[in-house]
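In case you want the letters, here they are:
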Amino acid sequence: MAEEERTQVEILEENNLIDMTKYITYVSAPQAGGIATFAGTTRDTFEGKSVVELRYEAYVPMAIRCMKSMCSSARSSWNLHSIAVAHRLGSVPVGETSVFIAVSSVHRADALDACKFLIDELKATVPIWKKEVYANGEVWKENSEFVERRLELGKDGICSGRKVEVKAGDRKTCCGSKVKVDEEAMADLSTTRN
Amino acid sequence: MDVTDREIKTKNAECKPAENKGSSVQIKVLFFARARDLTGLTELPLELSSGSTAQDCLNKLVARFPSLEEILGSMVLALNEEYTNESVIVQDKDELALIPPISGG
């Protein structure tokens, strides 16, 4: 831990585009051999209906807190160099990026696994809402990740520094033993606390 | 917001008169997304007797906004920016948020 941990979380107010290059630059480092990124973009259709735009809103201070918390959780499970997480608010037109995650690590497996964990965790725990606007109506969306975890949210101190439940993976990697998130354990966190 | 707040305080008076200090707490309730649509409010000051739980707050809110029933089975609560459950006791100046199903990403 000679290197200072670098984590950046941002909620961007309406009309601010996500500058992916900025976040990739932020997580870049000479000692990091890999950068994994995820960009969530607005699809043009949902169940056959034509989507005009998505409108996002957030409980901003809590969302920031939850995003920091999930980054800490990721760090406790993987060996990461830097993390950047950004989410846009307001109207996001079709084709534009609403969420972006960039993770760097010495070896790629940590960054790739942590990146997937972070977007799943964001969708399950960070208080951000989106309304899908169609040509003939609108609807508040619901993330299945949230629905599955809803009953444990109030019990586990999520967004208050809860540790991630991980299990040593039995999968072989080039770099020896690693941890991976056990999906079933994640769904059964109600029995564990940090 | 001023007009709304004043109206709210007046209406709240019938729910729970502000007795003497110490026997009641005043919290702020926040409404997001569907919860805001249903109540027409982004926030609401709420006065409760000391020792009231988040569930007591919910009961009071539903009495005032019956349409909130729609999301009671799918939402969660956050107290002072952390997820919580209905049995927690609210303190003076707490911020209680109704969190309808989230949909970030």
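Residues numbered from 1 in each chain as written. Chains lettered and ligands numbered in written order. Predicted model: local features only at pLDDT ≥ 70, side-chain atom pairs only at ≥ 80, totals over all residues. Heavy atoms only, no water.

Identification of chain B as Molybdopterin synthase sulfur carrier subunit from Acer negundo is taken from an unreviewed UniProt entry. Turning to chain B, the UniProt record has this under Subcellular location (unreviewed entry): "Cytoplasm". The heading Sequence similarities (unreviewed entry) in the UniProt record of chain B holds the text "Belongs to the MoaD family. MOCS2A subfamily." (UniProt positions renumbered as here; feature names shortened; annotations may be inferred.)

Under an unreviewed UniProt entry, the name given to chain A is Molybdopterin synthase catalytic subunit, and the source organism is Acer negundo. Here chain A is described in UniProt, under the heading Catalytic activity (unreviewed entry), as follows: "2 [molybdopterin-synthase sulfur-carrier protein]-C-terminal-Gly-aminoethanethioate + cyclic pyranopterin phosphate + H2O = molybdopterin + 2 [molybdopterin-synthase sulfur-carrier protein]-C-terminal Gly-Gly + 2 H(+)". Entered under Sequence similarities (unreviewed entry) in the UniProt record, the comment concerning chain A runs "Belongs to the MoaE family. MOCS2B subfamily."

Turning our attention to the nonpolar core. In this structure, Y59, V85, V103 and L118 of chain A together with Y83 and I99 of chain B are the most contacted members of the largest nonpolar core, which totals 49 residues. In this structure, L118 of chain A is in contact with M70, C71, A74, I83, I101 and V103 of chain A, ignoring residues within four places of it in sequence. In terms of nonpolar packing, the next biggest core, distinct from the first, is built from 24 residues, V29, L61, M75 and L77 of chain B among them. (Core = buried A, V, L, I, M, F, W, Y, C linked by side-chain atoms within 4.5 Å. Buried < 20%, exposed > 50% of the residue type's maximum accessible area, 1.4 Å probe, protein only. Contact = heavy atoms within 4.5 Å.)

A word on the pairing of strand β9 (residues 137-140) of chain A. Residue and element names in this part refer to chain A. Bridge count for strand β8 (residues 128-134) against β9 is four bridges, and the pairing is antiparallel. Counterpart to K131 in the pairing with β9 is W140. Hairpin connection of β8 to β9: two residues between the antiparallel strands. (Pairing = 2+ DSSP bridges. Helix = DSSP H or I, 4+ residues; strand = E, 2+ residues; numbered from the N terminus.)

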